Amino acid sequence: MRRRERSFSFEVAHRYGESVLRRFYQPRYAGRMDSATVSASAGNPACGDTVTLFLRIDGVTVAAVSYLACGCPALVACCEALCELVDGKDLDSAWEVTDEAVVAHLGGLPPQKVHCSALAAVALHRAIWRYLFSDLEEEHK
Ligand code: FES
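Residues numbered from 1 in each chain as written. Predicted model: local features only at pLDDT ≥ 70, side-chain atom pairs only at ≥ 80, totals over all residues.

Participant: Explain the packing of helix H3 (residues 73–86) against helix H5 (residues 99–106) here, please?
Facilitator: Between H3 and H5, the shortest axis-to-axis distance is 9 Å and the interhelical angle comes to 100°. Accordingly, the angle class assigned to the pair H3 and H5 is roughly perpendicular. Packed against H3, whose contacting residues are Ala77, Cys78, Ala81, Leu82, Glu84 and Leu85, the element H5 presents Ala101, Val102, His105 and Leu106 at the interface. Of the residues contributing to the contact of H3 with H5, the split by class is eight nonpolar, one polar and one charged. (Axes fitted to C-alpha atoms, helices over the stretch in contact; angles between N-to-C directions. Helix = DSSP H or I, 4+ residues; strand = E, 2+ residues; numbered from the N terminus. Parallel < 35°, antiparallel > 145°, perpendicular 65-115°, else oblique. Contact = placed C-beta atoms within 7 Å. Nonpolar A, V, L, I, M, F, W, Y, C, P; charged D, E, K, R; others polar.)

Participant: Can you walk me through the nonpolar core in this structure?
Facilitator: Generally speaking, soluble globular proteins have nonpolar side chains that are buried together. Residues Cys78, Cys79, Leu82, Ala120 and Leu124 are the most contacted members of the largest nonpolar core, which totals 38 residues. Counting residues per element, this core draws most heavily on H3, which supplies 11 residues. Every residue in contact with Cys79, bar those within four places of it in the chain, is listed here: Tyr29, Val51, Tyr67, Ala69 and Ala120. (Core = buried A, V, L, I, M, F, W, Y, C linked by C-beta atoms within 7 Å. Buried ≥ 20, exposed ≤ 12 C-beta atoms within 10 Å, placed from the backbone.)

Participant: How should the sheet that holds strand E2 (residues 50–58) be read in this particular structure?
Facilitator: Two pairing modes exist for strands in a sheet, parallel and antiparallel, and in both the strands are linked by backbone hydrogen bonds. A sheet is described by the order of its strands in space; here three strands give the open sequence E1-E2-E3, paired in antiparallel fashion. Every interior strand has two partners, whereas the edge strands, strand E1 (38–43) and strand E3 (61–70), have only one. Between one strand axis and the next, the sheet turns through 20° on average, direction left out of account. Pairing analysis gives nine bridges linking E2 to E3, with the strands arranged antiparallel. Across the sheet, the residue bridging to Arg56 is Ala64, located in E3. Strands in contact with H3 are E2 and E3; relative to E3, the strand with the most contacts, it is inclined by about 175°. (Pairing = 2+ DSSP bridges.)

Participant: So what exactly am I meant to see when it comes to H5 here?
Facilitator: Residues spaced three or four apart along an α-helix point in a common direction, a consequence of the helix completing one turn every 3.6 residues. Taken residue by residue, H5 has Asp99, Val102, Val103 and Leu106 as its buried positions. Along the axis of H5, the buried positions cluster into a sector of 95°, meaning they face one direction only. (Arc of directions from axis to C-beta.)

Participant: What is the right way to read the packing of helix H2 (residues 18–25) against H3 from this model?
Facilitator: Each packed pair of helices is defined by two parameters, the angle between the axes and the distance between the axes. At their nearest, the axes of H2 and H3 sit 8 Å apart, and the two run at 85° to each other. Put simply, H2 runs roughly perpendicular to H3. Between H2 and H3, the contacting residues are Val20, Arg23 and Phe24 on the first element and Pro73, Ala74, Val76, Ala77, Glu80 and Ala81 on the second. Across the contact of H2 with H3, the residue classes tally to seven nonpolar, no polar and two charged.

This is the structure in structure tokens:
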């Protein structure tokens, strides 16, 4: 039994790599942010994974960022990478962060896990959009 657990860990480590596993096991940005200026969610119906991203915006700067993720280790690592890329940046720079940038920041993902980066990026762009255009959203309700 113990042998199986170990081989599973080795297999997971081999599949994801150190960059993903380090962020999965030692997340720095995970958690709800009660003081968020704005939040937004994204989900993938195919795998069932979801993420909610929280931004605290001070002027035009992302003063704090966090997330709640329900999904695979790659999704958690993608959220961590995305938070590293936008934390302390201005909104223009944060808006430029793409799913490809997230994957590159992680040093790559297994091909079947590349879509996890899109969830994090979509949540980010929805949050920024909502922050910038919340007045329009209210008008069209
Ligand atoms: Fe779908 Fe990770 S498996 S987001």
